[in-house]
Amino acid sequence: MLCIAGYNLCKSYVDSDQSINVLTDATLEVETAKMICITGQSGCGKSTMLHILGLLDAADSGRVIIGGREISSMMPEAPQIRNSELGFVFQFHYLVEDLTAKENVALPMIIAGSSSVVAQKRASELLSTLGLASRLSRYPNQLSGGEQQRVSLARALINNPKIVLADEPTGNLDPDHSAEVWQMILQLNKQREQAFVIVTHDRESARLASQTYNLAQGKLSLLS
Ligand SMILES: Nc1ncnc2c1ncn2[C@@H]1O[C@H](COP(=O)(O)OP(=O)(O)O)[C@@H](O)[C@H]1O
Ligand SMILES: [Mg+2]
């Protein structure tokens, strides 16, 4: 079953008086519980693709289907779908510096309507699953890069999204911490039946994926 798909996505940016065609006809179908990797040269449009799938940006044309429904980022329900159906992990962790790890992870659940007590309990459980039981009360600047990314992962997962979109989640990490985060992603993908769409430069890790696509000249093609 498809959980998220983008069909014939086109996107161009106007830069001074020049138009840059970033996506020209990009199509991606992601089935439930699959792990998909997207590779491609810097500047080829990978982040743009992920932002459009995640309703953070609008395509000029094409369709995004989430849970069997065509959704546009302009729809009034888009923020709610974004918060409940989708989880995001970025290259930079974007954790709130003056909230603890546990409070950061609880935030999307509180935004979705849970009480702070319930959300913080769930955040503690999730962080423990990710090996961070001893780090609950630490602030982001008291965590290593790998720990910060695992907290970001927990934050992306707290509302139990069916789809996790990750934009170079290990791009900022040394090889050991990177391996640690990939292992977590793999484990979550297997245990929780969540689909992952991961943009990565790491060809080695991309082999862990169910399918790998390359983005070039505005289109996605299947590599393996
Ligand atoms: N908001 C924007 N305005 C103008 N150009 C942009 C904007 N966002 C991205 N671009 C351009 O679009 C291209 C694709 O960017 P991006 O999706 O970030 O690539 P990637 O993630 O593959 O490195 C780049 O040439 C970038 O400079
Ligand atoms: Mg990018």
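Here the structure is shown first, and the text comes after it.
Quick summary incoming for the structure in this document. As the structure is a computational prediction, the values presented were derived from the model and not from experiment.

The secondary structure content of the protein chain amounts to seven helices and ten strands. Here the C-alpha radius of gyration of the protein chain, 17 Å, is about what a compact globule of 224 residues would show, namely 17 Å. Seen through its principal axes, the protein chain has C-alpha atoms that stretch 50 × 40 × 40 Å. Here the protein chain, with 224 residues, has 47% of them falling under the buried criterion. One way to put it: in the protein chain the 19 positive side-chain charges average out to a point 6 Å from where the 23 negative ones average out.

Take the packing of helix α5 (residues 145-157) against helix α6 (residues 175-192) next. Two numbers describe how α5 lies on α6: the axes approach to 9 Å, and their chain directions differ by 20°. Classified by the interaxial angle, the pair formed by α5 and α6 is roughly parallel. By crossing handedness, the relation of α5 to α6 is classed as right-handed. Of α6, the residues touching α5 (which contributes Gly146, Glu147, Gln149, Arg150, Leu153 and Leu157) are His177, Glu180, Val181, Met184, Ile185, Leu188 and Arg192. Each residue belonging to the contact of α5 with α6 can be placed in one class, and the counts come to six nonpolar, three polar and four charged.

On to the nonpolar core. Ranked by size, the top nonpolar core spans 35 residues in total, and within it Met35, Leu127, Val151, Leu153, Phe196 and Ile198 carry the most contacts. For this core, the elements supplying multiple residues, two or more each, are β3 (35-39), α3 (101-111), α4 (116-129), α5, β7 (163-167), α6 and β8 (195-199). With six residues, α6 is the largest single contributor of residues to this core. Among all residues touching Ile198, those that are not within four sequence positions of it are Met35, Ile36, Cys37, Ile38, Ala166, Pro169, Trp182 and Ile185. Listed in part, the 31 residues of the second largest apolar core include Leu28, Ile71, Phe88 and Ile163.

With that out of the way, let us pick up the pattern of salt bridges. Tallied over the entire structure, the rule returns seven salt bridges. In this structure, Glu180 engages Arg150 in a salt bridge whose closest nitrogen and oxygen atoms are separated by 2.9 Å. You can see Glu180 sitting in helix α6 and its partner Arg150 sitting in helix α5, a full 30 residues away along the chain. You can call Glu180 partly exposed: its relative accessible area is 25%. Under the relative-accessibility criterion, Arg150 is labelled buried at 9%.

Taken together, the six strands give an open sheet; going across it, the order is β6-β7-β8-β3-β9-β10, and neighbouring strands pair in mixed fashion. Looking at strand neighbours, the two that pair on one side only are β6 (86-89) and β10 (219-222), the edges of this open sheet. Recorded for the sheet is a direction-independent mean angle of 20° between the axes of neighbouring strands. Inspection of the sheet shows strand β9 (residues 211-216) paired to β10 by four bridges, in the antiparallel sense. Opposite Ala216, over in β10, you have Lys219 as the bridge partner. Taken strand by strand, α5 contacts β6, β7 and β8, and its axis lies near 165° from that of β6. Running at roughly 155° to β8, α6 makes contact with β3 and β8 of the sheet.

Attention now moves to the sheet that holds strand β2 (residues 18-31). One open sheet holds the four strands; their spatial order is β2-β1-β4-β5, and the pairing between them is antiparallel. With one partner strand each, in any of the chains shown, β2 and β5 (69-70) form the two edges of the open sheet. As paired elements, strand β1 (residues 2-15) and β2 share ten bridges and run antiparallel to each other. Within β2, the residue paired with Val14 across the bridge is Ser19. Here helix α1 (residues 46-53) sits on the sheet in contact with β1, β2 and β4 (61-66), set at roughly 125° to β1.

Definitions and cut-offs
Residues numbered from 1 in each chain as written. Chains lettered and ligands numbered in written order. Predicted model: local features only at pLDDT ≥ 70, side-chain atom pairs only at ≥ 80, totals over all residues. Heavy atoms only, no water. Helix = DSSP H or I, 4+ residues; strand = E, 2+ residues; numbered from the N terminus. Rg over C-alpha atoms; globule rule 2.2 N^0.38 Å. Buried < 20%, exposed > 50% of the residue type's maximum accessible area, 1.4 Å probe, protein only. Lys, Arg positive; Asp, Glu negative; His and termini not counted. Charge placed at Lys NZ, Arg CZ, Asp CG, Glu CD. Axes fitted to C-alpha atoms, helices over the stretch in contact; angles between N-to-C directions. Parallel < 35°, antiparallel > 145°, perpendicular 65-115°, else oblique. Left-handed = near helix turned anticlockwise from the far one by under 90°. Contact = heavy atoms within 4.5 Å. Nonpolar A, V, L, I, M, F, W, Y, C, P; charged D, E, K, R; others polar. Core = buried A, V, L, I, M, F, W, Y, C linked by side-chain atoms within 4.5 Å. Salt bridge = Lys/Arg side-chain N within 4 Å of Asp/Glu carboxyl O. Pairing = 2+ DSSP bridges.

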